[in-house]
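# Architecture and fold: a report
So the chains spell out like this:
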Amino acid sequence: MFFALVESSGQFKHGLKISFGLIFLFLALRYNFGNDYMQYLNGFIKTKSYSTGDFFDKKNYYEPGWIFLCWLFNKSFGFFAMVAVLALLNCLVYYHFIKKFVPKKNYWLAVFIYIFNPAFMLVHSSAMRQSLAIIIFIFSLKYLYKKDAIRYFLCVGSALFFHTSAIILFPIYLISFVNLKNYKTSVVIVITIYVSIFMFKDFMTPYLSLFIRSYFERYDAYQAAGASGSGLGILYSFLLLILIIYYERVQNKETKLVFKIAIFSFVFIPLYFIFQLIGRFGMFFVPAIIVVYPIIAIKLKQPIYKTIFVIGLIIMTLYPFFLFFSDDLWKVAFGKYQTIFSASQWY
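As a starting point, this report considers the structure included with it.

The rules behind the values
- Residues numbered from 1 in each chain as written.
- Predicted model: local features only at pLDDT ≥ 70, side-chain atom pairs only at ≥ 80, totals over all residues.
- Heavy atoms only, no water.
- Helix = DSSP H or I, 4+ residues; strand = E, 2+ residues; numbered from the N terminus.
- Phe/Tyr/Trp six-rings, centres within 6.5 Å; stacked < 30°, edge-to-face > 60°.
- Lys NZ or Arg CZ within 6 Å of the ring centre and 35° of its normal.
- Buried < 20%, exposed > 50% of the residue type's maximum accessible area, 1.4 Å probe, protein only.
- Arc of directions from axis to C-beta.
- Contact = heavy atoms within 4.5 Å.
- Expected span 1.5 Å × (residues − 1).
- Bend = angle between axes of the 7 residues up to and from the residue.
- Salt bridge = Lys/Arg side-chain N within 4 Å of Asp/Glu carboxyl O.
- Polar contact = N/O pair within 3.5 Å; in protein donor to acceptor, adjacent residues only side chain to side chain.
- Patch = residues over 30% accessible without salt bridge, like charges linked within 9 Å, V, L, I, M, F, W, Y side chains within 5 Å.
- Areas by Shrake-Rupley, 256 points an atom, 1.4 Å probe, with all protein chains shown as cover.

## Comments concerning unusual backbone geometry
Of note in the backbone geometry, Asn-32 takes a positive phi value of approximately 50° without being a glycine. Here Asn-32 lies in the loop between β1 (30–31) and α3 (37–46). One non-glycine residue, Lys-147, lies in the positive phi region at around 60°. Position of Lys-147 relative to the elements: it lies in the loop between α8 (128–145) and α9 (149–160).

Here you go:
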């Protein structure tokens, strides 16, 4: 973040590149870091004996694209190399995403959000399959903007081969046709949807459960009660949503698309409080805030409002970051960082 800040201040030209170079080293050299790392390693080892006919076996826990990727690296460079390649792709996509949309003055804020919001760098380092599917979606945004249906659906189809939840990306093509011309009407519609999900969550729960059980059987075991949250957090999200809708109006056409995706991501916040698993779908759209919030910070004209927004954003990002490392679900798996050089053998 420091190097991105140095470039933001105009004192250095390649700060953002160095930032993601360091992030790449952190991600590429990690070992047994995150809840799912060893599970992925064990799954990788099993693919060594696979033949091409095993890729689409319904008994497989993983999607065929992921199995093929594991099989390919199993026959060549190994698991550590595969993790490094995925880390490189991740850093390249997010680097260009920030470079393309975020004003240089706020590079540091975008990198801050990416690093310290647990939903991004940390969780993605564990959820490898979906992380790959997410960066494919981010890469496909240029085709979504151009309404290039063929190449967009090819990207989404390839993402589906790595994580089943990518199925939600097919109807998202329609979002490129949505025009939020009338600010007041847009606020009323979006807020109504947002509040309605909270109000009718008891009614929706059995239908969501049935949907997951029917189409995402492998995740049925993860159907748990929704996450708990405070009214303050919900209010904070509510205010951010209004800000995003307001500033969507003054963006260029391509940036408007990212703002619309950010707006759509807020629909999954109340759904997350019904089923935590629903957050799997929302993970595709939340990365939009990495560029949206720094853009809003630039657009705020009054220094006092800009300061309040940035300080509030930092506090509300760091708070869940520290909670993340005190949560029993995450603190053991993420509490100790190890490199591949500490592994008992080379995979």
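## Some words on the packing of aromatic side chains
Under the definition given, this model contains 41 aromatic pairs. One residue, Lys-100, lies across the ring of Phe-101, its end atom 5.8 Å from the ring centre. The residue whose ring lies beneath Lys-147 is Phe-177, and the NZ or CZ to ring-centre distance is 5.3 Å.

## Examining α3
Among all positions in α3, only Tyr-37, Tyr-40, Leu-41, Gly-43 and Phe-44 are buried. Along the long axis of α3, the arc covered by the buried residues comes to 165°, so they all point the same way. Its buried side turned inward, α3 meets β1, α4 (64–74), α5 (79–101), α7 (121–126) and α8.

## Here we look at α8
Compared with an ideal rise of 1.5 Å per residue, which puts 18 residues at 26 Å, α8 spans 26 Å between its outermost C-alpha atoms and is within 8% of the ideal. Bending of α8 peaks at approximately 35° at the position of Phe-139. The buried fraction of α8 is high, at 15 of 18 residues. Remark: Lys-147 follows α8 within two positions and exhibits a positive phi of approximately 60°.

## Let's talk about the pattern of salt bridges
Per the stated rule, a full pass over the model turns up six salt bridges. Between Glu-63 and Arg-129 there is a salt bridge, and its shortest N-O distance comes to 2.9 Å. Here Arg-129 lies in helix α8 and Glu-63 lies in the loop between α3 and α4, a separation of 66 residues in the sequence. Just as Glu-63 is buried, Arg-129 falls in that class too. Glu-254 is the partner of Lys-100 in a salt bridge, and the nearest nitrogen-oxygen pair spans 3.4 Å. On the criterion of sequence distance, the pair formed by Lys-100 in helix α5 and Glu-254 in helix α13 (residues 253–265) is long-range, its members being 154 residues apart.

## Comments concerning the side chain of Ser-125
Inspection of the secondary structure puts Ser-125 in helix α7. Setting aside residues up to four positions removed in sequence, Ser-125 forms contacts with Leu-27, Arg-30, Phe-33, Phe-120 and Phe-334.

## Structural notes on the environment of Tyr-62
Topologically, Tyr-62 is positioned in the loop between α3 and α4. Tyr-62 sits in the buried class, given a relative accessible area of 11%. A polar atom in the side chain of Tyr-62 sits 3.4 Å from the side chain of Gln-39.

## Notes on a nonpolar patch on the surface
Where nonpolar side chains cluster on the molecular surface, the patch consists of Phe-2, Phe-3, Leu-22 and Leu-25 and spans about 390 Å² of accessible area. Contributions of two or more residues to the nonpolar patch are made by α1 (2–8) and α2 (15–28). Residue position: Leu-22 is located in helix α2.

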